[in-house]
Amino acid sequence: MNARRLLSVVGLARPVRVRDSKRPRARRGVVSVLSMMFVVMFGSLVAAMAISSQGNIRAAASHLHVSRSMHAAETGLSMAEARMGEATSRFIVASSTIDGSFATSLWNGSLGALGEVEILPPPSGHYEPSDPAGLAEAVAFIHAADANIIYWDGVEQVTIGSAPPGVSLAEYAADGWVTTPIIALDPVDDPSSPEGASGFRVTYAPLADGVTIRMIVTGYDFAYMRQGQPLTRTIMQDIRLSKRVSHAVISPTRIMIGKNVLVEGDLGARYEDIDEQHGDPLVVRSDFLGLEAILDDKLEDFFEGLADFDVDGDNRLRVNHPTEGLGVPDNNWDYDMDGNPDGAFLDATQDGAVDEFDVFIRHFDQDDDGQVVLSVELAAGTPAEGRSAEFVDSGGQDIDADLALLLDMNNPDRNRNGIYGFIDLNGNGLMDGIEVPLDYDPVTGTYPDQELGWRDGVIDRLDRYSKVAGSLSFVVSAQAWSAAQGDFLERIRGPIAPGANGAPMRFEVDSDKLPDFDNDDFTATTESLRTASDGDAFNQQVADNLGVSVASLLAYVESGDPGVPRYFRLDADADYDGLPDNWADAHFERMPFNSPNYNDWYYRPVYENMTFRDVQIPTGNNGLFINCTFIGVTWVRSHSSNDDPMWSVWGRMALDESTGRPALENERYAFGDDPGETAADLYPALAAALDPPDQVVRLALSPVDRGDVRESEAGTYPPEQLDLLPEPLVINGTHVYDTRVYSNNLRFHDCLFVGSIVSDNPATFNNVRNKIQFTGRTQFASEHPEHPDEPGYNPDPNDMEVIARSSMMLPNMSVDIGTFNSPPEQAVRLQGAIIAGLLDVRGNADINGALLLTYKPVAGEGPLRDIHGNPLGNPSLFNTTLGYFGPDDGDEESLDPATLPFYNGQRLAGWDTNGDGIADVSPFEAQPAGATAIPFHGYGRIHLRFDPDMALPDGLPLPMSVRPLAGTYQEGRL
């Protein structure tokens, strides 16, 4: 077929003139053919695209419906977790043994055998016909209040029933299943005809272990129906029923957080006597004030901005915030007078806000690289080794080595893989040159935590500094606090990082969120620990360590060299002069140890290098334990009936200038063997209380109580003087002149506790007589750090469950960790739930757990009353202290280092007059002849890390909670 014919066929031919064959002919038909081919191709493409688009639209529509059902399921899962959290928080339980049996009974409503259980009203305020019988019913009651219900499959209300047929009872519980109707996410006019709506249904399926609930959520999309059924997707996740304390510190006394102290966790202050002097429930000191004068000027200007513009109380100013941004001081100010703007308030950490840490970095960062390089000594062995030091003085010395290490070693698990820290080869608590991080990547040959800034020799934004990484909770209102104490925010310094959706400060917090408890709440765990303290008698264990008989301890004379078990005995007061009979040679020390404002003196027996197992330390021991190991449970005994207002006075000592040793502050004589007049002859009123009443007595040189005054001599005293004398203290038929023999005041230095320490529960808190001090490198562990697999070095396995509940169970006891002017080598380590009446921590200490304090000072009760029961003293002078404070802050036992005078360029802690390395004379007094200056050793470093997963002691009334289990999320049907 020729071209014309072809064109004619396709309808494109037109008449043409036949040209002369000798002339060349134009080939216009080829162009037409090509054009036609393109038209055909484009037509095909259009058809294909139309078909493809229609398919894509259908696929997109299907995906949209799948997404709607999946999003509904995800929303339902979030709501289910929130509903579980609300329901569990209503149940306040005393038991902390949340095992399968307990959790199953709590879920199903069998509360009779669970001990003390309190059920709170619903936080959401929904209607309930009665208190829920258990957790399952509490969850059902919440869902019963849901109003936007879809009646698609006839299920119109929440049900509690049995497991569906075919479910494996090896995995699931047979009953207690809570199933909701379909809850709509869109407005539904007709619940029976939910066209276009989406929703979800939740099934709470208890698992066979009793403590786990599986939330099974099905999402529905009624905008897409297939064979009369909506499109659905099902997801599920497990949550664990638990009981957890939510604060790093809960204290009914004032909480004081000092310089060089970091807290990871919430602080709960239950102190309420805000009208008293020093009545602030919480005081927090800046870590950076006092380093350099120019830095202080910068910080003071920053604090002024905080006072006027910090709208949320987190002690940070957000740079781009319309209000807070106005408070950032002028960066053009020239503080160092070098002619250039300092840029002192730039966001050095690049987190969108300015706080004290930014000002600190900008001040010391000499090369503007956003990093402050530590001293040559502290940078050694780190990636910063060899760089020019910046956090040093003009002589190249550390400005504050403790602060540098505290910041650089903050948040050790930077990559959150559960591996962090280092093996402390020299036991000083530092990673210094000879140690390396534990988190090592063999593939890259690097240390991931160090790459993320941990102990890298510099201080920068990677250290993620905050003074308190948590919220501050108070039972008082902000208005009442301000009215009583003025602007209290001036006394809370340092950035506060409460975490996602948390408030920096919370006021008027209820007891269900900030529990109120006392020493009686821990009875169950206390008794269990005491039961576990079933080793040989104390004297027997001492004798065994020495390789002698118990009888020989009465006259034992120590002759061993240091490094072996040694015992320096303390004799009884056989001659009733108020002193041990070997007082001239016995060890003595002030109490609290090394305190510039001590309360008393103590003669102590000394035990060195000994090992004790499940031991009971007898009442009145008052010993000093040096480099001793305590395995299992150590029980400190003390007389429980100490509710006498003069308990701290009887037996009080003062330093005798003539001997240089302590003696009774008021010389007294007690009942002895001196023949003569009987007690009945001399003191009829006292004798009536004695058993037997004919004990004879020596005369008192200075009357301390009414029992010291002879009846025949009573008329020689003015009646008002006699009325001022307290009634005599009689215990078990004996007139007591020294209460220290009925108490226990102990010091543990460089000791290791592999297990727990527990005490008796004195009726009244007494911070003088019943005190325990931990100094040096004392530490607590659940297993022996050097012999973890050897039974002889570790507690009885049968006791480990109760030991895990608390490493320190000392309710109504005063506990000191460290001392005033703690030496640099101090490195006290504690873990778990720390229970004490009152707690002071100074020096170097690392605490992983929570501090739960029990003593609530009340005027007119305990030590806050006179001999006639009248209110005496200030409740605010009893405080929980982490770090250094002084009398001006309400800490009467210490001195504020910032107020110490300088001597030879160093802060002076006092004067040592006897060569023992401890200051005996106040630094504010003139140097005594021959005395040696004792410098202040520095603020040390204290790091308190809240452990949410720690075991808790029984008896602590706390709300139940739920914890989502990572890795249990899955898609698919049951």
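What you see is a predicted model, and the numbers here were worked out from it, not measured in a lab.

Caption draft 1: The overall build of the chain, seen in detail. Secondary structure assignment for the chain yields 16 helices and 47 strands. Put simply, the chain has 974 residues, and 51% of those count as buried.

Caption draft 2: Main features of the sheet that holds strand β42 (residues 902-903). Spatial strand order, β42-β43-β44: three strands in an open sheet with antiparallel pairing. Looking along the sheet, the strands with just one partner apiece sit at the ends: β42 and β44 (932-935).

Caption draft 3: Quick peek at a nonpolar patch on the surface. On the surface, a nonpolar cluster with roughly 490 Å² of combined accessible area is contributed by Ile 419, Ile 423, Leu 425, Ile 434 and Leu 438. Within the element layout of this structure, Ile 434 appears in the loop between α8 (401-408) and α9 (448-451).

Caption draft 4: Fine view of a negative patch on the surface. A cluster of acidic residues, Asp 297, Glu 300, Glu 304 and Asp 308, forms a negative patch at the surface. Along the polypeptide, Glu 304 turns up in helix α5 (residues 293-309). Assessed through its relative accessible area of 54%, Glu 304 is described here as exposed.

Caption draft 5: Main features of the packing of aromatic side chains. For the coordinates displayed, the defined rule picks out 50 aromatic pairs. Residues Phe 288 and Phe 360 carry aromatic rings whose centres are separated by 4.7 Å and whose planes lie at 25 degrees to one another, so their mutual orientation is stacked. Residue Phe 288 is found in the loop between β14 (282-284) and α5, and its partner Phe 360 is found in helix α6 (residues 356-364); the two are separated by 72 residues along the sequence. For Phe 288, a relative accessible area of 0% translates into the label buried. Ring plane angle 75 degrees and centroid distance 5.1 Å describe the contact between Phe 748 and Phe 753, whose orientation is recorded as edge-to-face. For Phe 748, a relative accessible area of 0% corresponds to the buried category.

Caption draft 6: Quick peek at helix α4 (residues 135-144). Counting buried positions over the 10 residues of α4 gives eight, a clear majority of the element. Listing the buried residues of α4 in full gives Leu 135, Ala 136, Ala 138, Val 139, Ala 140, Phe 141, Ile 142 and His 143.

Caption draft 7: Structural context of the pairing of strand β24 (residues 600-604). Of all five residues that make up β24, five are buried, and the element is covered over most of its length. Burial of the side chains of β24 extends over both faces: Asp 600, Tyr 602 and Arg 604 are buried on one face and Trp 601 and Tyr 603 on the other. The pairing of strand β23 (residues 587-591) with β24 spans five bridges and is antiparallel. The partner of Phe 588 across the bridge, within β24, is Tyr 603.

Caption draft 8: Quick look at the pattern of salt bridges. This structure, assessed with the given rule, holds 44 salt bridges. With its nearest N and O atoms 2.7 Å apart, the salt bridge here joins Asp 889 to Arg 285. Separated by 604 residues along the polypeptide, Asp 889 in the loop between β41 (879-882) and β42 and Arg 285 in the loop between β14 and α5 bring together distant segments of the chain. Between Arg 316 and Asp 351 there is a salt bridge, with its nearest N and O atoms 2.8 Å apart. In this pair, Arg 316 sits in the loop between α5 and β15 (317-318) while Asp 351 sits in the loop between β15 and β16 (353-354), placing the two residues 35 residues apart along the sequence. Residues joined in a network through salt bridges with shared partners are Asp 314, Arg 316, Asp 351 and Asp 355.

Caption draft 9: Molecular detail of the side chain of Asn 770. Looking at the secondary structure, you find Asn 770 in the loop between β35 (752-759) and β36 (771-775). Of note is the side chain of Asn 770, whose polar atom sits 2.8 Å from the side chain of Ser 638. Here Asn 770 is in contact with Ser 638, Asn 642, Ser 743, Asn 744, Pro 762, Met 813 and Ser 814, once residues within four sequence places are set aside.

Caption draft 10: Representation of the nonpolar core within the structure. Grouped together as the largest cluster of nonpolar side chains are 87 residues, with contacts concentrated most on Leu 282, Ile 492, Phe 625, Phe 630, Phe 748, Ile 757 and Phe 774. Per-element tally for this core: the top contributor is strand β39 (residues 828-841), with eight residues. Leave out the neighbours within four places in its chain, and Phe 625 touches Phe 538, Tyr 607, Phe 612, Ile 617, Phe 630, Leu 746, Arg 747, Phe 748, His 749 and Cys 751. In terms of nonpolar packing, the next biggest core, distinct from the first, is built from 37 residues, Ala 87, Phe 91, Leu 135 and Leu 241 among them.

Caption draft 11: Just the packing of α5 against α6, in detail. Closest axis-to-axis distance for the α5/α6 pair is 10 Å, and the angle between their directions is 150 degrees. Regarding the angle of α5 to α6, the classification is roughly antiparallel. The hand of the α5/α6 crossing is right-handed. Here Ile 294, Leu 295, Lys 298, Leu 299, Phe 302 and Phe 303 of α5 come into contact with α6, specifically with Glu 356, Val 359, Phe 360, His 363 and Phe 364. For the contact of α5 with α6, the residue count by class is eight nonpolar, one polar and two charged.

Caption draft 12: Expanded view of unusual backbone geometry. Cis geometry is found at the peptide bond from Met 591 to Pro 592, where omega equals 0 degrees. Its location among the elements puts Pro 592 in the loop between β23 and β24. For Asn 260, which is not glycine, the phi torsion reads 65 degrees and is therefore positive. For Asn 260, the location among the structural elements is in the loop between β11 (254-257) and β12 (261-264).

Caption draft 13: Expanded view of the confidence of the model for the chain. The pLDDT averaged across the chain works out to 88; a share of 89% of its residues lies at or above 70. Every residue in residues 1-24 is under pLDDT 50, and counting partners more than four places away or in other chains gives eight contacts. Here residues 668-677 scores under 50 on pLDDT; set against residues more than four positions off or in separate chains, the count is 36 contacts.

Caption draft 14: Layout of the environment of Ala 845. In this structure, Ala 845 sits in strand β40 (residues 845-853). Through-space distance from the C-alpha of Ala 845 to that of Ala 827 is 5.5 Å; in sequence the pair is 18 residues apart. Among residues more than four places away in sequence, those in contact with Ala 845 are Ile 817, Val 828, Arg 941, Ile 942 and His 943.

Caption draft 15: Broad picture of the side chain of Lys 298. Position of Lys 298 relative to the elements: it lies in helix α5. Here Lys 298 is buried and forms no salt bridge, its nearest opposite-charge partner Asp 342 lying at an N-O distance of 4.2 Å. Setting aside anything within four residues of it in sequence, one finds Lys 298 in contact with Tyr 335, Asp 342, Ala 344, Phe 345, Val 359 and His 363.

Caption draft 16: Expanded view of the environment of Asp 146. Turning to its location among the elements, Asp 146 is positioned in the loop between α4 and β3 (149-150). Judged by relative accessible area, which is 16%, Asp 146 ranks as buried. Taking the C-alpha atoms as reference points, Asp 146 and Gln 157, separated by 11 residues in sequence, lie 9.3 Å from one another. A distance of 3.1 Å separates a polar atom in the side chain of Asp 146 from a polar atom in the side chain of Arg 83. Side-chain polar atoms of Asp 146 contact the side chain of His 143, separated by 2.9 Å.

Caption draft 17: Fine view of the environment of Asp 888. Its location among the elements puts Asp 888 in the loop between β41 and β42. According to the relative accessible area criterion, Asp 888 is exposed, its value standing at 66%.

Caption draft 18: Molecular detail of the state of the cysteines. For the coordinates displayed, the defined rule picks out zero disulfides. Between Cys 628, a cysteine without a disulfide, and Cys 751, which holds the nearest cysteine sulfur, the sulfur-to-sulfur distance is 4.9 Å. Judged by its relative accessible area of 1%, Cys 628 is buried.

Criteria and cut-off values
Residues numbered from 1 in each chain as written. Predicted model: local features only at pLDDT ≥ 70, side-chain atom pairs only at ≥ 80, totals over all residues. Heavy atoms only, no water. Helix = DSSP H or I, 4+ residues; strand = E, 2+ residues; numbered from the N terminus. Buried < 20%, exposed > 50% of the residue type's maximum accessible area, 1.4 Å probe, protein only. Pairing = 2+ DSSP bridges. Patch = residues over 30% accessible without salt bridge, like charges linked within 9 Å, V, L, I, M, F, W, Y side chains within 5 Å. Areas by Shrake-Rupley, 256 points an atom, 1.4 Å probe, with all protein chains shown as cover. Salt bridge = Lys/Arg side-chain N within 4 Å of Asp/Glu carboxyl O. Lys, Arg positive; Asp, Glu negative; His and termini not counted. Charge placed at Lys NZ, Arg CZ, Asp CG, Glu CD. Phe/Tyr/Trp six-rings, centres within 6.5 Å; stacked < 30°, edge-to-face > 60°. Polar contact = N/O pair within 3.5 Å; in protein donor to acceptor, adjacent residues only side chain to side chain. Contact = heavy atoms within 4.5 Å. Core = buried A, V, L, I, M, F, W, Y, C linked by side-chain atoms within 4.5 Å. Axes fitted to C-alpha atoms, helices over the stretch in contact; angles between N-to-C directions. Parallel < 35°, antiparallel > 145°, perpendicular 65-115°, else oblique. Left-handed = near helix turned anticlockwise from the far one by under 90°. Nonpolar A, V, L, I, M, F, W, Y, C, P; charged D, E, K, R; others polar. pLDDT = per-residue confidence, 0-100. Disulfide = S-S within 2.5 Å.

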